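# Coordinate analysis (summary)
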Amino acid sequence: MTSKAAMTADPGTQIAAQIPDLKRYARSLTRTEDDANDLVQDCVERAILKWHLYKTGTNLRSWLFTMMRNVFISQKRREAVASRYMAQAVHDDTMIARPNQMHSVYLKETVEALDALSSQERAAVQMLGIDEMSHQDAAALNNLPVGTMKSRLSRGRANLRTVLQMAEGDL
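Overview of the structure. (Residues numbered from 1 in each chain as written. Predicted model: local features only at pLDDT ≥ 70, side-chain atom pairs only at ≥ 80, totals over all residues. Heavy atoms only, no water.)

Attention now moves to the overall build of the chain. Summing up its helical and strand segments, the chain has nine helices and zero strands in all. Each helix and strand of the chain, placed in order from N terminus to C terminus, yields the pattern α-α-α-α-α-α-α-α-α. A buried classification covers 25% of the 171 residues belonging to the chain. Long-range pairs, those at least 24 residues apart, make up 52% of the contacts in the chain with a sequence separation of at least 6. Accessible area for the chain stands at about 12000 Å²; split by element, carbon and sulfur atoms hold 54% of it. (Helix = DSSP H or I, 4+ residues; strand = E, 2+ residues; numbered from the N terminus. Buried < 20%, exposed > 50% of the residue type's maximum accessible area, 1.4 Å probe, protein only. Contact = heavy atoms within 4.5 Å. Areas by Shrake-Rupley, 256 points an atom, 1.4 Å probe, with all protein chains shown as cover.)

The subject of this paragraph is the side chain of Arg152. For Arg152, the location among the structural elements is in helix H9 (residues 146-164). The side chain of Arg152 is buried and forms no salt bridge, while Glu121, the nearest opposite charge, is found at 7.9 Å. Apart from the residues lying within four places of it in its own chain, the contact partners of Arg152 are Gln120, Glu121, Ala124 and Leu144. (Lys, Arg positive; Asp, Glu negative; His and termini not counted. Salt bridge = Lys/Arg side-chain N within 4 Å of Asp/Glu carboxyl O.)

To continue, consider the packing of helix H6 (residues 101-116) against H9. Interaxial distance between H6 and H9 falls to 10 Å at its minimum, and their mutual angle equals 135°. Comparing their axes, H9 and H6 come out oblique. In this structure, the crossing between H6 and H9 has a hand that is right-handed. Between H6, through Tyr106, Glu109, Thr110, Ala113 and Leu114, and H9, the contact on the second element is made entirely by Leu160, Val163 and Leu164. A per-class count over the contact of H6 with H9 returns six nonpolar, one polar and one charged. (Axes fitted to C-alpha atoms, helices over the stretch in contact; angles between N-to-C directions. Parallel < 35°, antiparallel > 145°, perpendicular 65-115°, else oblique. Left-handed = near helix turned anticlockwise from the far one by under 90°. Nonpolar A, V, L, I, M, F, W, Y, C, P; charged D, E, K, R; others polar.)

A separate point is the side chain of Glu121. Along the polypeptide, Glu121 turns up in helix H7 (residues 119-130). Once you skip the residues sitting within four places of it in the chain, Glu121 turns out to touch Arg152, Arg155, Gly156 and Asn159.

Before going further, it helps to spend a moment on the nonpolar core. Ranked by internal contacts, the top residues of the largest apolar core, which has 19 residues, are Leu22, Trp63 and Met68. For this core, the elements supplying multiple residues, two or more each, are helix H3 (19-30), helix H4 (33-49) and helix H5 (60-95). For this core, the element with the most residues is H5, which contributes eight residues. Sequence-distant contacts of Trp63, that is, excluding residues within four places in its chain, are made with Ala47, Lys50, Trp51 and Tyr54. Listed in part, the 14 residues of the second largest apolar core include Leu114, Met127, Ala138 and Ala139. (Core = buried A, V, L, I, M, F, W, Y, C linked by side-chain atoms within 4.5 Å.)

On to the packing of aromatic side chains, then. On inspection of all chains with the given rule, the structure shows four aromatic pairs. For the pair Tyr25 and Phe65, a centre-to-centre distance of 4.7 Å together with 5° between the ring planes defines the contact as stacked. Taken together, the residues Tyr25 in helix H3 and Phe65 in helix H5 connect sequence positions 40 residues apart. Relative to Trp63, the ring of Tyr54 has its centre 5.1 Å away and its plane inclined at 50°; by these criteria the two rings are tilted. For the residue pair Tyr54 and Trp63, the accessibility class agrees, reading buried in each case. What links up through ring pairs into an aromatic cluster is the set Trp51, Tyr54 and Trp63. (Phe/Tyr/Trp six-rings, centres within 6.5 Å; stacked < 30°, edge-to-face > 60°.)

Inspection of the secondary structure assignment puts Glu33 in helix H4. Along the chain, Glu33 and Lys23 lie 10 residues apart, while their C-alpha atoms are 8.9 Å from each other. A polar atom in the side chain of Glu33 sits 3.5 Å from the side chain of Arg27. (Polar contact = N/O pair within 3.5 Å; in protein donor to acceptor, adjacent residues only side chain to side chain.)

On to the pattern of salt bridges, then. A full pass over the atoms with the stated rule returns five salt bridges. With a closest N to O distance of 3.6 Å, Glu121 and Arg155 form a salt bridge. Of this pair, Glu121 sits in helix H7 while Arg155 sits in helix H9, and the two are 34 residues apart along the sequence. In this structure Glu121 comes out as buried when scored by relative accessible area, which is 9%. Its relative accessible area of 40% is what places Arg155 among the partly exposed residues. Within the structure, one salt-bridge network assembled from shared partners comprises Asp21, Arg24 and Arg61.

Laid out in structure tokens, this is it:
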């Protein structure tokens, strides 16, 4: 195909003419036939999507080879990140302590103790102790003075310590 005919041909035809060279280059990068075919497919797909960036009259083969090299490098980086993530996830999984029966019992007792509080104390403990709202925000939300919210929280914590038989500093 002459260079003038190549310039007037549609992108699909121009790219298709380069596929044998792309396959050879892909095999040299990947070292396996299957990976090479996947790389060629990814490169051709990207070339079609990015065709508007190709400057007519420039070397199409060089443009495609550069694109293939960039796709290959991106894939290798992605694989390396995924590999590091999986190694870290496996490592983290071995470092996590699974809940034992005592944790489950303690959680159940804590929920029961919270349910035993008055609705006002429970709301104060929920907003200030669990949801970590500021005293000012919780008071504004309930249309109460800040001091009232503080005293409800204090009474709620004291009642929880009593029910759960905890020392003063534990809650």
